[in-house]
Amino acid sequence: MSVLVLILAVSAACCLGFGFVLQQNAARQAPLSDFLSPRLLLDLMRIPRWLGGIGLMVAGMVLGAIALGQGEVSLVEPLLATNLLFALALSRKQTKQPLGRQGWAGLALLAGGVSAFIVAGEPRGGTAVTDPLRHWLIIGAMVGLALLLTTYAKRSRLSAGPVLLALAAGLLYGVQDALTRVSGQRFSEGGLAELLTGWQPYAVLALGVTGLVLVQSAFETAPLRMSLPALTAAQPLAGIVCGVGFLGDRLRTDTGALTWEAVGLAAVVAGIVLLGMHPAMPSGAAQSEPARDLQPS
């Protein structure tokens, strides 16, 4: 594994984790009438803390894009999942909560799972699939599932809604990461003209804005501990599916390697859930402030 890719991916995770906490702190002040509306972003732009969180998120996405340009999606995505560690670090500073057994167990599972997956799978580049049908099938399945989750989230809203929205956003962000890598390859091969004549950069922008609305809607209606674990777990899984499915990423496929890859991914998800549900995560949510529902937008 390239040291440069490791530094870039972990730096991106740091920016993303800090940014998510600042965004949620601000999003819970937004009126509930903005739920799943682009107007939510306009209202949040008035809050300096949210703008700071978005700035960190953009920095993380840029660093992540550079990492994706230098390494495989199947390698970078698990490293980006460590953003939860940085989110917990900032949340602990705000809440003064100790890590305790749950925090240390989650940290060990997440770090150990990422390490096990990378060591066992040995992600490496290969030849990208040229068949457009395969591209569209995988992308369509991810986007379709995200749409289905969003539909159910609108019905459940303040119960399971935030988790479903975070899962949907994670799927979209995973696809966005894969298309970011494709866009980078097009730019390196033919410059700006080659990049702008493809559909991928426009899809990256559309997925980013849509994912942002979903994430902020999840943040404004529930504590961070409900939404961030789902977001953090779904994104790398979707990215790995896209990387192996049509970007040509290769993983070891012998029985022992596949077993450890599965164990590693399971440990990552378990660690994400434990850290995301930690008491140090911000617990303020819209449910505790019903008066916000009457605020003018």
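Coordinates for the structure precede this section.
So, how was this worked out
- Per chain, residue numbering runs from 1 following the sequence as it is written.
- Since the coordinates come from a predicted model, pLDDT governs what is reported: local features require at least 70, and pairs of side-chain atoms require 80 or more to be given and counted, while whole-chain, interface and lining totals use all residues.
- Heavy atoms throughout the structure, all of them, feed into the side-chain values; hydrogens and water do not.
- Strands are runs of DSSP state E lasting at least 2 residues, helices are runs of H or I lasting at least 4, and numbering of each runs from the N terminus.
- Throughout, radius of gyration means the C-alpha value; the globule benchmark is 2.2 Å times the number of residues raised to the power 0.38.
- To sort residues, take the accessible area from a 1.4 Å probe on protein chains only and compare it with the maximum for the residue type: under 20% means buried, over 50% means exposed, and anything in between is partly exposed.
- Values of accessible area rely on a 1.4 Å probe in the Shrake-Rupley scheme; residue burial ignores everything except the protein chains shown.
- Positive charges are assigned to Lys and Arg, negative charges to Asp and Glu, while His and the chain termini are left out of the count.
- Charge coordinates come from a single atom per side chain, which is NZ of Lys, CZ of Arg, CG of Asp or CD of Glu.
- Nonpolar core, defined: a set of buried Ala, Val, Leu, Ile, Met, Phe, Trp, Tyr and Cys residues in which side-chain atoms within 4.5 Å join the residues together.
- We call two residues contacting when some pair of their heavy atoms lies within 4.5 Å.
- Every helix has an expected span of 1.5 Å times one less than the residues it contains.
- Every axis corresponds to a line fitted to the C-alpha atoms, with the helix fit spanning only the stretch in contact, and the corresponding angles, defined between N-to-C directions, vary from 0 to 180 degrees.
- Any angle between 65 and 115 degrees counts as roughly perpendicular, while under 35 counts as roughly parallel, over 145 as roughly antiparallel, and the rest as oblique.
- Crossing handedness follows the turn of the near helix against the far one: under a right angle anticlockwise gives a left-handed crossing, and clockwise gives a right-handed one.
- Nonpolar residues are Ala, Val, Leu, Ile, Met, Phe, Trp, Tyr, Cys and Pro. Charged residues are Asp, Glu, Lys and Arg, and all others, Gly as well, are polar.
- Each patch is built from residues that are more than 30% exposed by relative accessible area and take part in no salt bridge. Like charges join if they lie within 9 Å; nonpolar side chains (Val, Leu, Ile, Met, Phe, Trp, Tyr) join within 5 Å.
- The term salt bridge refers to a side-chain nitrogen of Lys or Arg lying within 4 Å of a carboxyl oxygen of Asp or Glu.
- Planes of paired rings set the category: under 30 degrees apart is stacked, over 60 is edge-to-face and the rest tilted, where pairs are Phe, Tyr or Trp rings (Trp by its six-membered ring) whose centres lie within 6.5 Å.

## A few points about the overall build of the protein chain
Working step 1: Regarding its fold elements, the protein chain presents 11 helices and 0 strands.
Working step 2: For the protein chain, the α and β elements follow one another from N to C terminus as α-α-α-α-α-α-α-α-α-α-α.
Working step 3: The C-alpha atoms of the protein chain give 19 Å as radius of gyration, which agrees with the globular expectation for 297 residues (19 Å, within 12%).
Working step 4: Expressed along its principal axes, the backbone C-alpha trace of the protein chain runs to roughly 55 × 45 × 30 Å.
Working step 5: Here the protein chain, with 297 residues, has 52% of them falling under the buried criterion.
Working step 6: When the accessible surface of the protein chain is totalled, it reaches about 12900 Å², and 68% of it is carbon and sulfur.
Working step 7: For the protein chain, the centre of its 19 positive side-chain charges and the centre of its 15 negative side-chain charges are spaced 10 Å apart.

## Digging into the nonpolar core
Working step 1: Core analysis: the biggest nonpolar cluster contains 79 residues, and Leu228 and Leu231 have the highest contact counts within it.
Working step 2: Discounting residues that sit within four places of it in the chain, Leu231 has contacts with Phe20, Ala166, Ala169, Gly170, Tyr173 and Val215.

## Looking at helix H10 (residues 224-246)
Working step 1: The end-to-end C-alpha distance of H10, which contains 23 residues, comes to 33 Å, matching closely the 33 Å that a straight helix rising 1.5 Å per residue would cover.
Working step 2: By the criterion of burial, H10 is predominantly enclosed, with 18 of the 23 residues buried.
Working step 3: Positive phi shows up at Gly248, right after H10, with a value of about 90°.

## So, the packing of helix H7 (residues 132-156) against helix H8 (residues 161-196)
Working step 1: The interhelical angle for the contact between H7 and H8, taken along N-to-C directions, is 160°, at an axis separation of 8 Å. One element, H7, and the other, H8, form an angle in the roughly antiparallel class. Crossing handedness for the pair H7 and H8: left-handed. From H7, Ile139, Met142, Val143, Leu145, Ala146, Leu149, Thr150, Tyr152, Ala153 and Ser156 reach across to H8, where they touch Gly161, Leu164, Leu165, Leu167, Ala168, Leu171, Leu172, Val175 and Leu179.
Working step 2: When its residues are assigned to classes, the contact of H7 with H8 shows 16 nonpolar, 3 polar and no charged.

## Quick word on a nonpolar patch on the surface
Working step 1: A surface patch of nonpolar side chains, amounting to about 420 Å² of accessible area, comprises Phe187, Leu192, Leu196 and Tyr202.
Working step 2: Counting residues per element, the nonpolar patch draws most heavily on H8, which supplies 3 residues.
Working step 3: Here Leu192 is to be found in helix H8.

## Let's talk about the packing of aromatic side chains
Working step 1: Counted by the stated rule, this structure contains 3 aromatic pairs.
Working step 2: Ring centres 6.2 Å apart and planes at 90° place the aromatic pair Phe18 and Phe86 in the edge-to-face group. Here Phe18, found in helix H1 (residues 3-27), pairs with Phe86, found in helix H5 (residues 83-95); they are 68 residues apart in sequence, far enough to count as distant.
Working step 3: Residue classification places Phe86 among the partly exposed residues on the basis of a relative accessible area of 22%.
Working step 4: Relative to Trp199, the ring of Trp136 lies with its centre 4.7 Å away and its plane at 25°, an arrangement referred to as stacked. Placement of the pair is Trp136 in helix H7 and Trp199 in the loop between H8 and helix H9 (200-221), with a sequence separation of 63 residues.
Working step 5: A residue is classified by how much of its surface remains accessible, and Trp136, at 48% relative accessible area, is partly exposed.

## Side note on the environment of Ala234
Working step 1: With respect to the secondary-structure elements, Ala234 resides in helix H10.
Working step 2: Not counting the four nearest positions on each side in its chain, Ala234 is found in contact with Leu167, Gly170 and Leu171.

## Let's talk about the side chain of Thr150
Working step 1: If you trace the backbone, Thr150 turns up in helix H7.
Working step 2: In this structure Thr150 touches Leu36, Leu165, Ala168 and Leu214, once residues within four positions along its chain are discounted.

## Comments concerning the environment of Cys15
Working step 1: Relative to the helices and strands, Cys15 resides in helix H1.
Working step 2: In this structure Cys15 comes out as buried when scored by relative accessible area, which is 15%.
Working step 3: Here Cys15 is in contact with Leu56, Met57, Ala59, Gly60 and Leu63, once residues within four sequence places are set aside.

## Examining the pattern of salt bridges
It is possible for side chains bearing opposite charge to pair when their charged atoms get close.
Working step 1: Applying the stated rule across the entire model yields 5 salt bridges.
Working step 2: Its salt-bridge partner being Glu122, residue Arg252 comes within 3.7 Å of it at the nearest N-O pair. Of the two residues, Arg252 is situated in the loop between H10 and helix H11 (255-276) and Glu122 in the loop between helix H6 (100-121) and H7; the sequence distance between them amounts to 130 residues.
Working step 3: A salt bridge links Asp254 to Arg252; its shortest N-O distance comes to 3.3 Å.
Working step 4: Judged by relative accessible area, Asp254 falls into the partly exposed class, the value being 36%.

## Details of unusual backbone geometry
Working step 1: Positive phi values are uncommon outside glycine, yet Glu122 reaches one of about 45°.
Working step 2: A relative accessible area of 43% means that Glu122 is categorised as partly exposed.

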